[in-house]
Amino acid sequence: MLELKQLYQGFRDPKTIASLAEQIKQQAAQLDGDIRIMEVCGGHTHTIMKYGLNQLLPDNIDFIHGPGCPVCIMPKERIDHAIAMANQDNVILVTLGDMIRVPGSKGSLAQSRASGCDVRPIYDPLDTIKIACDNPDKTVVFFAIGFETSTPMTAVLIEQAEKLDINNLYFHINHVLVPPAIDAVMADPKVRVNAFIGPSHVSVIQGSEIYRSAVENYGTPVVVSGFEPVDVMESILRITTQKANKIAELDNQYSRAVTPEGNLAAKAVIDKYLCVRPDFRWRGLGPIPSSALMLREQYQHRDAELHFASILPTEAIEDHKACQCGDILRGLCKPKDCKVFGRGCSPESPMGSCMVSSEGACNAYYRYNGVSDE
């Protein structure tokens, strides 16, 4: 019988990793300058820090940790929306489990739940259908989060609600898009990024071609990478080789799952129910045009933002002034350069976006650089 470890142990092989590290050093020796790679997804940050891949690289290769995950970039006012809705009589607030602990300006959903609100963490969005059907006298709100990876699940949930005519189910849409975030990073005049590792799970849905414009507009290599250590090291080698040859190309290291066009069926169901929102404010990065999704006009009867408009806060709420997450996301400093890192800011009491989730850059540094043991 096939064991789970047989599926991944080859992608964590120390000899293979060491060999890739040596090849990277050989290519890096030919470089005229430094490579500053942004890994857009926190899953890659987690792999880099957990397995110490950054310690295997030459000094002229550095990482800039990107937006991380949808939990990390959720602004406080959107979390306050969820808390405000959960506090209404006869409301059941349903969301993915990762959102429960994320603090807004008035606490977290976990605290609302502890105080008596009906907040239900789930891991399969379709469980929301059963919750709504089992509670016809309640208003059920699905607080939807995620990059392009989890968006198809929300679209299928909307489709099922429509087919089954479930009238007590509403949606608060917070799905965000990776390419506009790359544009926002590169638009900063102080930007130091000159290469990208693209998130493979996003690319499984949308296809690797969504990064083509980043290569063409900014002259930066983009390599779509898997999340195992060998995947990441091979992707770094491909970037370093491009830089050594003074070229910038879109490359797909994760070809075992990612195609140029992506999952056409998933993209079609997303497009049927959701469209691009004019703008969305990212925690740590600020407002980014066309960087998130919203319900299409014909499905606005399910829009929780419209249904609860009178009780939802509208003012933007910034992180603590001492927090430097914005600078960290742009590569202007490292987590340990922040004055509150590991002092007032920790995974148990996060002050900024980079510490909120286990995939955030500060969280990864805190866990794997021994800060929690000090």
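Shown above is the structure to which this text applies.
Notes on the structure in this doc start here. (Residues numbered from 1 in each chain as written. Predicted model: local features only at pLDDT ≥ 70, side-chain atom pairs only at ≥ 80, totals over all residues. Heavy atoms only, no water.)

Moving on, we come to the sheet that holds strand 6 (residues 169-175). Taken together, the four strands give an open sheet; going across it, the order is 4-3-5-6, and neighbouring strands pair in parallel fashion. Looking along the sheet, the strands with just one partner apiece sit at the ends: strand 4 (118-122) and strand 6. Ignoring strand direction, the axes of neighbouring strands in this sheet form an average angle of 20°. Relative to strand 5 (residues 139-146), strand 3 (residues 91-96) runs parallel, the two being bridged by five bridges. Bridging from a neighbouring strand, Ile-92 pairs with Val-140 of strand 5. Along the sheet face, helix 7 (residues 151-163) touches strand 5 and strand 6 and points at about 160° away from the line of strand 6. (Pairing = 2+ DSSP bridges. Helix = DSSP H or I, 4+ residues; strand = E, 2+ residues; numbered from the N terminus. Axes fitted to C-alpha atoms, helices over the stretch in contact; angles between N-to-C directions. Contact = heavy atoms within 4.5 Å.)

Turning to the environment of Tyr-273, a few remarks are in order. With respect to the helices, strands and loops of the structure, Tyr-273 is situated in helix 12 (residues 264-273). Residue classification places Tyr-273 among the buried residues on the basis of a relative accessible area of 3%. Between the C-alpha atom of Tyr-273 and that of Gln-300, which follows or precedes it by 27 residues, the distance is 9.9 Å. (Buried < 20%, exposed > 50% of the residue type's maximum accessible area, 1.4 Å probe, protein only.)

Further remarks concern the pairing of strand 4. In the case of a regular strand, side chains alternate between the two sheet surfaces. Sheet analysis places strand 3 next to strand 4, joined by five bridges and oriented parallel. The residue bridging Ile-92 from the neighbouring strand is Asp-118, located in strand 4. Handedness of the strand 3-helix 5 (residues 109-114)-strand 4 crossover: right-handed. (Right-handed = clockwise from strand over helix to strand, strands pointing away.)

There is about 390 Å³ of room inside the largest pocket. Taken together, 21 residues make up the lining of the largest pocket; nearest its centre are Cys-69, Pro-70, Asp-98, His-201 and Glu-359. Per-class residue counts for the lining of the largest pocket are ten nonpolar, nine polar and two charged. Empty space within the second largest pocket amounts to approximately 290 Å³. (1 Å grid on protein atoms, 1.4 Å probe; cavity = no way out; pocket = protein on both sides within 12 Å on 5 of 7 lines; lining within 4 Å. Points joined across faces, edges and corners; volume = space filled by probe spheres on them. Nonpolar A, V, L, I, M, F, W, Y, C, P; charged D, E, K, R; others polar.)

What follows is about helix 6 (residues 127-134). Those residues of helix 6 that sit buried are Thr-128, Ile-129, Ile-131 and Ala-132. The buried residues of helix 6 occupy one face: seen down the axis, they fall within an arc of 165°. Those residues of helix 6 that are buried lie in contact with strand 3, strand 4, strand 5, helix 7 and strand 6. (Arc of directions from axis to C-beta.)

Moving on, we come to the side chain of Glu-228. Locating Glu-228 in the fold gives a position in the loop between strand 8 (222-225) and helix 11 (229-244). For Glu-228, a relative accessible area of 18% corresponds to the buried category. Within polar-contact distance, the side chain of Glu-228 engages the side chain of Arg-12 at 2.6 Å. (Polar contact = N/O pair within 3.5 Å; in protein donor to acceptor, adjacent residues only side chain to side chain.)

Attention now goes to the environment of Arg-36. Counting through the fold element by element, Arg-36 comes out in strand 1 (residues 35-41). When the C-alpha atoms of Arg-36 and Tyr-51 are compared, they prove to be 19 Å apart, with 15 residues separating the residues in sequence. Looking at Arg-36, its side chain comes within polar contact range of the main-chain oxygen of Arg-192, at 2.5 Å.

Moving on to the packing of aromatic side chains. One pass over the structure, following the stated rule, counts four aromatic pairs. Measuring from ring centre to ring centre gives 6.3 Å for Phe-142 and Phe-171, while their planes differ by 75°; the resulting arrangement is edge-to-face. Placement of Phe-142 in strand 5 and of Phe-171 in strand 6 is noted, with a sequence separation of 29 residues between them. In this pair, the class of Phe-142 matches that of Phe-171, namely buried. Considering the side-chain rings of Phe-147 and Trp-282, the 6.0 Å spacing of their centres and the 45° angle between planes classify their relative orientation as tilted. Of this pair, Phe-147 sits in the loop between strand 5 and helix 7 while Trp-282 sits in strand 10 (residues 274-282), and the two are 135 residues apart along the sequence. (Phe/Tyr/Trp six-rings, centres within 6.5 Å; stacked < 30°, edge-to-face > 60°.)

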